[in-house]
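Below, each chain spelled out in residue letters.
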Amino acid sequence: MERIKEIIVSVAVFATIIASFAQAPTHTREEMEHWVDSVFSTLSETEKIGQTMMVYCSSKNEDYYQQVSDYIKSYNIGGVIFMQGNPVTQALLTNRFQSESRIPLLISQDAEWGPQMRLKEDCPAFPKQMTLGAITDDSLIYQMGKAVATQLQRLGVHINFAPVVDVNNNPANPVINVRSFGEDKYNVAAKGIMYMKGMQDNKVAAVAKHFPGHGDTNTDSHSDLPVINHSYKHIDDIELYPFKQLVDNGVHGIMVAHIYFPQIDSTKNITSSLSKPIVTGMIRDSLHFSGLAITDGLNMKALNKYAQSGEIEAYALQAGNDVLLLPADVDKAVTTIQSWLTQGRITQQRLDDACKNVLREKFMLGANSLKTTVIDTTNIIADLNSSKDKALIRTLYRNAFTAIKNNNNTLPLDLSTSIKTTCIVVSDDKRPLLENSFEKVNLLLLLLLKKTLYKLKVNN
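The text that follows walks through the structure, step by step, so that each part is easy to find.

Rules of the game
- Residues numbered from 1 in each chain as written.
- Predicted model: local features only at pLDDT ≥ 70, side-chain atom pairs only at ≥ 80, totals over all residues.
- Heavy atoms only, no water.
- Helix = DSSP H or I, 4+ residues; strand = E, 2+ residues; numbered from the N terminus.
- Buried < 20%, exposed > 50% of the residue type's maximum accessible area, 1.4 Å probe, protein only.
- Patch = residues over 30% accessible without salt bridge, like charges linked within 9 Å, V, L, I, M, F, W, Y side chains within 5 Å.
- Areas by Shrake-Rupley, 256 points an atom, 1.4 Å probe, with all protein chains shown as cover.
- Salt bridge = Lys/Arg side-chain N within 4 Å of Asp/Glu carboxyl O.
- Pairing = 2+ DSSP bridges.
- Contact = heavy atoms within 4.5 Å.
- Axes fitted to C-alpha atoms, helices over the stretch in contact; angles between N-to-C directions.
- 1 Å grid on protein atoms, 1.4 Å probe; cavity = no way out; pocket = protein on both sides within 12 Å on 5 of 7 lines; lining within 4 Å.
- Points joined across faces, edges and corners; volume = space filled by probe spheres on them.
- Nonpolar A, V, L, I, M, F, W, Y, C, P; charged D, E, K, R; others polar.
- Phe/Tyr/Trp six-rings, centres within 6.5 Å; stacked < 30°, edge-to-face > 60°.
- Lys NZ or Arg CZ within 6 Å of the ring centre and 35° of its normal.
- Parallel < 35°, antiparallel > 145°, perpendicular 65-115°, else oblique.
- Left-handed = near helix turned anticlockwise from the far one by under 90°.
- Right-handed = clockwise from strand over helix to strand, strands pointing away.
- Core = buried A, V, L, I, M, F, W, Y, C linked by side-chain atoms within 4.5 Å.

### Topic: the overall build of the protein chain
Reasoning step 1: Counting secondary structure elements, the protein chain contains 20 helices and 10 strands.
Reasoning step 2: Here the protein chain, with 460 residues, has 53% of them falling under the buried criterion.

### Some details on a nonpolar patch on the surface
Reasoning step 1: On the surface, a nonpolar cluster with roughly 220 Å² of combined accessible area is contributed by V88, L92 and I381.
Reasoning step 2: Residue position: V88 is located in helix α5 (residues 87-100).
Reasoning step 3: Given the relative accessible area of 30%, V88 is considered partly exposed.

### Some points on the sheet that holds strand β2 (residues 79-84)
Reasoning step 1: Read from one edge of the open sheet, 8 strands run β7-β6-β5-β4-β3-β2-β1-β8, paired in parallel fashion. Two strands close off the open sheet at either side, each with one partner strand: β7 (292-295) and β8 (324-325).
Reasoning step 2: In this sheet, strand β4 (residues 159-160) lies alongside strand β3 (residues 106-109) in parallel orientation, the contact comprising 2 bridges. Counted as the bridge partner of Q109 is N160 from β4.
Reasoning step 3: Helix-sheet contacts for helix α4 (residues 62-75) involve β1 (53-58) and β2, and the interaxial angle to β1 is about 165 degrees.

### A look at empty space enclosed by the protein
Reasoning step 1: Applying the stated criterion across every chain yields a total of 1 cavity of 30 Å³ or more.
Reasoning step 2: Surrounding the largest cavity, Q51, T52, M53, M54, G78, G79, L106, V323 and V358 form its lining.
Reasoning step 3: Per-class residue counts for the lining of the largest cavity are 5 nonpolar, 4 polar and no charged.

### Brief notes about the packing of aromatic side chains
Reasoning step 1: One pass over the full model with this rule turns up 6 aromatic pairs.
Reasoning step 2: Both rings, one in W35 and one in F363, keep their centres 5.9 Å apart while their planes meet at 40 degrees; by these two values the pair is tilted. With W35 in helix α2 (residues 29-40) and F363 in helix α16 (residues 348-364), the pair connects residues that are 328 residues apart, well separated along the chain.
Reasoning step 3: Judged by its relative accessible area of 15%, W35 falls in the buried class.
Reasoning step 4: Note on F363: relative accessible area 9%, which makes it buried.
Reasoning step 5: Arranged with centres 4.8 Å apart and planes meeting at 85 degrees, the rings of Y315 and W340 form a pair that is edge-to-face. Placement of the pair is Y315 in helix α14 (residues 311-319) and W340 in helix α15 (residues 330-343), with a sequence separation of 25 residues.
Reasoning step 6: Members of the aromatic cluster, connected to one another through ring pairs, are Y56, Y64 and Y65.
Reasoning step 7: A cation over an aromatic ring shows up here: R345 above the ring of W340, its NZ or CZ 3.6 Å from the ring centre.
Reasoning step 8: The aromatic ring of F40 is capped on one face by K356, whose charged end is 4.8 Å from the ring centroid.

### Describing the packing of helix α8 (residues 139-154) against helix α18 (residues 387-400)
Reasoning step 1: It is at 11 Å that the axes of α8 and α18 come closest, and there the two elements cross at 150 degrees. Considering their axes alone, α8 and α18 lie roughly antiparallel with respect to each other. α8 and α18 meet at a crossing whose hand is left-handed. When α8 is examined against α18, the residues L140, Q143, M144, A147 and Q151 are found in contact with a partner set consisting of D389, L392, T395, L396 and N399.

### What to know about the pairing of strand β6 (residues 253-256)
Reasoning step 1: By the alternation rule, side chains of β6 split into G253 and M255 and I254 and V256, which are all buried.
Reasoning step 2: Here β6 pairs with β7 via 4 bridges, running parallel. Paired with V256 across the bridge in β7 is T295.
Reasoning step 3: The parallel pair β6 and β7, bridged by helix α12 (residues 276-286), forms a crossover whose chirality is right-handed.

### A closer look at the nonpolar core
Nonpolar side chains tend to gather and get buried jointly when the protein is soluble and globular.
Reasoning step 1: Membership of the largest hydrophobic core comes to 96 residues, with the highest contact counts inside it found for I77, V80, F97, F211 and I337.
Reasoning step 2: Those residues in contact with I77 that lie beyond four places of it in its chain are G50, Q51, M53, V55, Y71, I72 and L105.
Reasoning step 3: Judged by nonpolar contacts, the second largest core, of 17 residues, contains L106, I159, L292 and L365.

### Observations regarding unusual backbone geometry
Reasoning step 1: Each neighbour pair has its own omega, and for K209 with H210 the value is 10 degrees, a cis peptide bond.
Reasoning step 2: Note that H210 resides in strand β5 (residues 205-211).
Reasoning step 3: Residue P212 is bonded to the preceding F211 through a cis peptide linkage, with omega at -5 degrees.
Reasoning step 4: Residues other than glycine seldom take positive phi values, yet N177 does so here, at roughly 25 degrees.
Reasoning step 5: Accessibility expressed as a relative area gives 25% for N177, which makes it partly exposed.
Reasoning step 6: Look at L326: it is not a glycine, yet its phi comes out positive at around 55 degrees.
Reasoning step 7: Look at L326 and you get buried, because its relative accessible area is 8%.

Okay, here's the thing in structure tokens:
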């Protein structure tokens, strides 16, 4: 059975590789390295550090926006992550920040089920990953990735911190649960690949998270430090499997979790995101990953309960991360990293490698020219609420329907016999129209129900 599952994943992988051949690169490696080197040579040490920073932004007030502008002007920060707000404000702020930056910014967002995860009522929500895990036609996951990428591009977003490829093997998990494709590592990998390819084939970078696996935790790293005592062999066999598959298929980024793995790095209370044996040893050396290593949010309590702001960012860069996401205090972070460089605790090569990796990502995503970063806000709400996307969402939900049990072979319904039907309305409001109309359309509903139920995946 294990071998069969591996073959299924391999077929999905092969299909995505074939599809990628049709996506001819628009630039050569030499052109990219020429642009990277030309920009890198103009940066001061402070600006190199700044390129590794991705700061928080939400729809708030001018004083708050000015703080982000100051980071751009003072440190030449590498990017911004939009966490809350609305599409028009986000687009206008993106245009403003891009115009203030000498080097185009990388714009990112947590959009696991689309921009709606952050923008709420202003655009439609795609299904969460647990729902997607029930879909048997994985090409639909690719279509969702493509649609999410289209929406993000409309907002000027280059990087989506998705998909979650944690294997959800702990029912008590308070933070991953419905954000995971499920408890089967093969299904998680196959669907993660399709979601990734759907986005990256459409010029939005995917980020596999939360390395080396946040599925088997019973603590939320936003509030405290989770501890996983599994051996490396166990983690390698289960948790790392989806990450390996996505790396082999060209994922642009890996987000490193804030979890303590004492069997891998026994340094007391060291999170995986600050651990060199995990970030450099596992991600770089073992997985041979050359893309962006990105920390989870550095303002989370799993970190600041055990380390000071500034030191956190320095440890993260020292460990091998390229992007320092959500530094709690940018000024302290820059100052501390400069001090560690002087002391030799962080090598100049480590900083240079991180900075160049960020610049390479900008080139690959087309964020190497300010002309490509200007967003037209005309009809942006309408564009984010297209009928095509809404139809895809309905298709995804329809294909996710699953019959958990089928006692006495009740499904599909047998309409050759007389069936009594009851309409139960659960609502605070009276629904006389529905109730009065139900009897008239009863036969039609039953026929549609039979057609739908016949397609259900039945798990006895």
